[in-house]
Amino acid sequence: MKEQLSNRITSLPASATLVMAAKARELKAAGKDIISLSLGEPDFNTPDYIKESAIKAINDNYNSYSPVDGYADLKEAISLKFKRDNNLEYKPSQIVVSTGAKQSLANITQVLLNPGDEVLLPAPYWVSYTAQSILGGATCKEIPSTIENDFKITPEQLEAAITPKTKMVFFNSPNNPSGTVYTEEDYKALAAVLEKHPNIFIVSDEIYEHINYGTPNFSIACIPSMYDRTITVNGLAKGFAMTGWRIGFIGAPEWIAKACTKMQGQITSGTNCIAQRAAITALTEPVSKIQYMVTEFEKRRNMMLEWLGEIEGFKLNVPKGAFYIFPDVSAFFGKEIKGKKIATSSDFSMLLLEEANVATVSGESFGAPNCIRISYAASEAQLKEAVSRIKAILA
Ligand code: PMP
Ligand code: GLU
């Protein structure tokens, strides 16, 4: 039969992060010595105390469908977590557990967006916000930022980007890919603009909250005027090294939580029951238990900044969180390196892959076409080797 996919899937961009990760895997399988710094995934194992609770859940015969929005005691644990870590009051009825933060975000865009709506994306932004907004029928408008301003947008830029069609704005702090952390002061200034536009929803993606090197996190929903319009998104993938367990969650106005539950009631029937039991342990035990990973990430960040800072042409900001370095490499545009013409950050990223066997992701799909994203969620030895290979081809 002739291939005849829907317009929906045909017009959907593939996830640039996952495409690059797959390419790196493919080349490795073909025998190439690839260092993959493309995927945003902790290189740690899930901590034992969390694994043990999952094993116990299996032995305790957790094998049936859970409530669609998550087990009641997990939602209770998430409610306490929001209070403990974010100073946010979300009742269990305002919480929905999903198959990763990615699905939490997909639910939100599906239940709130209509064709014709505009979504604002402070750039750089995580790749899937665009695709999910498009699936919701909306169009996306980027708000650019500069490395000089630590990749933060200003209230004036936000104001200028808003139109009567604006329905939603995405914030992500600590940010993937730039590592930028928006402070309480930053958010208060942005909220002052949003207060003048009461019909705009705010999605606050806080999945990197624990991977933070000292700038206090602030949840925009803590601002009273923003609370009723904000969906706070979080998950276990990053801070707890649980990417494959697929647990994400939201705190939101109850009517939005209900709609998200209705959505996943038709799409997934809820999240894996074993992972949910383990999530209770992850969220109830003290955060200090995962600090060793953050300490290690910070050490690697500092090393990467030092090493990459020695490369002429790499312009760097200091990431305050997450595990990515996001250098501006536009100084190489227009040059020819190893016989390859470099016109874009995709060309540069491809050069690193083909000539240095180092996989990174171009900033283009993050809305920052001058940059590339390098994940430092890899061993010190791998990072060192990757940088020395990059230096060698650029020398
Ligand atoms: N938001 C951001 C900013 C991310 O980097 C990721 C990457 N996984 C997600 C959401 C999705 O997380 P999850 O693995 O929980 O779906
Ligand atoms: N969020 C990670 C990243 O940005 C994982 C990949 C993905 O979910 O798209 O690399």
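Residue positions are given per chain, counting from 1 as you read along its sequence in written order. In the order they appear in the text, chains get letters beginning with A and ligands get numbers beginning with 1. With pLDDT at 70 or above as the cut-off, local features in this predicted model cover only qualifying residues; side-chain atom pairs require 80 or more to be listed or tallied, and sums for whole chains, interfaces and linings still use all residues. The side-chain values count all of the structure's non-hydrogen atoms but skip hydrogen atoms and water molecules.

Caption draft 1: Up close: the pattern of salt bridges. The rule for a salt bridge is simple: a side-chain nitrogen of Lys or Arg has to be within 4 Å of a carboxyl oxygen of Asp or Glu. Across all of its chains, the model carries 26 salt bridges by this definition. With a closest N to O distance of 3.3 Å, arginine 300 and glutamate 296 form a salt bridge. Of the two residues, arginine 300 and glutamate 296 both sit in helix α12 (residues 291-309), four residues apart, roughly one turn of that helix. Between lysine 340 and glutamate 354 there is a salt bridge, with the nearest N and O atoms lying 3.6 Å from each other. Residue lysine 340 is located in strand β11 (residues 340-342), and its partner glutamate 354 is located in helix α13 (residues 345-356); the two are separated by 14 residues in the primary sequence. Exposure categories follow from relative accessible area, calculated using a 1.4 Å probe and restricted to protein chains: below 20% of the type maximum is buried, above 50% is exposed, and the middle band is partly exposed. Take glutamate 354: its relative accessible area is 41%, and that puts it in the partly exposed class. Each of Asp43, Glu296, Lys299, Arg300 and Glu380 takes part in a single network of salt bridges with overlapping partners. What counts as a helix is a DSSP run of H or I of at least four residues, what counts as a strand is a run of E of at least two, and both are numbered from the N terminus.

Caption draft 2: Highlighting the packing of aromatic side chains. Within 6.5 Å between ring centres, the rings of Phe, Tyr and Trp (the latter by its six-membered ring) count as paired, and their orientation is classed by plane angle as stacked under 30 degrees, edge-to-face over 60, tilted in between. The full count for this structure, using the stated rule, is 22 aromatic pairs. Relative to phenylalanine 326, the ring of phenylalanine 151 lies with its centre 5.6 Å away and its plane at 65 degrees, an arrangement referred to as edge-to-face. With phenylalanine 151 in the loop between β4 (139-143) and α7 (155-161) and phenylalanine 326 in the loop between β9 (324-325) and β10 (335-337), the pair connects residues that are 175 residues apart, well separated along the chain. Neither residue differs from the other here; phenylalanine 151 and phenylalanine 326 are each classed as buried. Stacked on the ring of tyrosine 71, the Lys or Arg arginine 277 has its end atom at 4.8 Å from the ring centre. Lysine 289 extends its terminal NZ or CZ atom over the ring of tyrosine 49, reaching a point 4.3 Å from the ring centre. Ring-over charges, as used throughout, are those where CZ of Arg or NZ of Lys falls within 6 Å of the ring centre and within 35 degrees of the ring normal.

Caption draft 3: Examining the sheet that holds strand β7 (residues 230-235) more closely. Strand pairing is assigned whenever DSSP identifies at least 2 bridges connecting the two strands. The seven strands lie next to each other as β2-β8-β7-β6-β5-β3-β4, forming an open sheet whose pairing is mixed. If you trace the sheet from one side to the other, it starts and ends with β2 (95-98) and β4, each paired once. Between one strand axis and the next, the sheet turns by 20 degrees as a mean value, whatever way the strands run. Note on contacts: a residue pair is in contact if any heavy atoms of the two residues lie within 4.5 Å. For helices, the axis comes from a line fit to the C-alpha atoms of the stretch in contact; other axes are also lines fit to C-alpha atoms, and the angle between any two N-to-C directions lies between 0 and 180 degrees. Its contacts with the sheet place helix α4 (residues 72-86) against β2, β7 and β8 (248-251), and it is angled at close to 115 degrees to β2.

Caption draft 4: Spatial organisation of the site of ligand 2. What surrounds ligand 2 is the set Ser15, Thr17, Leu18, Leu39, Gly40, Lys102, Trp126, Asn176, Lys238, Tyr324 and Arg373. Pairs of N or O atoms are called polar contacts if they sit within 3.5 Å, as long as, within protein, a hydrogen donor faces a hydrogen acceptor (for residues adjacent in sequence, only side-chain-to-side-chain pairs). One of the side-chain N or O atoms of tryptophan 126 is found 3.1 Å from an oxygen atom in ligand 2. Here an oxygen atom of ligand 2 sits 2.8 Å away from a polar atom, N or O, in the side chain of arginine 373. Tallied by class, the residues present in the shell around ligand 2 amount to four nonpolar, four polar and three charged. The criterion for a residue being near a molecule or strand is simple. One of its heavy atoms has to lie within 4 Å of it. Three classes are used, and their members are as follows: Ala, Val, Leu, Ile, Met, Phe, Trp, Tyr, Cys and Pro are nonpolar, Asp, Glu, Lys and Arg are charged, and the others, Gly among them, are polar.

Caption draft 5: The sheet that holds β9, seen in detail. The strand order across the open sheet formed by three strands is β9-β14-β13, and the pairing between neighbours is antiparallel. At either end of the open sheet lies a strand with only one pairing partner, and these are β9 and β13 (361-362). Where β9 and strand β14 (residues 372-375) come together, two bridges link them in antiparallel fashion. Among the inter-strand pairings, isoleucine 325 is bridged to a residue of β14, identified as isoleucine 374.

Caption draft 6: Local environment of the packing of α4 against helix α11 (residues 273-284). It is the contact of α4 with α11, at a shortest axis distance of 9 Å, that shows an interaxial angle of 25 degrees. By the angle between their axes, α4 is roughly parallel relative to α11. Pair α4 / α11 crosses with left-handed handedness. Across the interface between the two elements, Asp73, Leu74, Ala77, Ile78, Lys81 and Arg84 of α4 pack against Gln276, Arg277, Ala279, Ile280, Leu283 and Thr284 of α11. For the contact of α4 with α11, the residue count by class is six nonpolar, two polar and four charged. Oblique is the label for any angle not covered by the other classes, which are roughly parallel (under 35 degrees), roughly antiparallel (over 145) and roughly perpendicular (65 to 115). Crossing chirality is assigned from the near helix's rotation relative to the far helix, an anticlockwise turn below a right angle marking it left-handed and a clockwise turn marking it right-handed.

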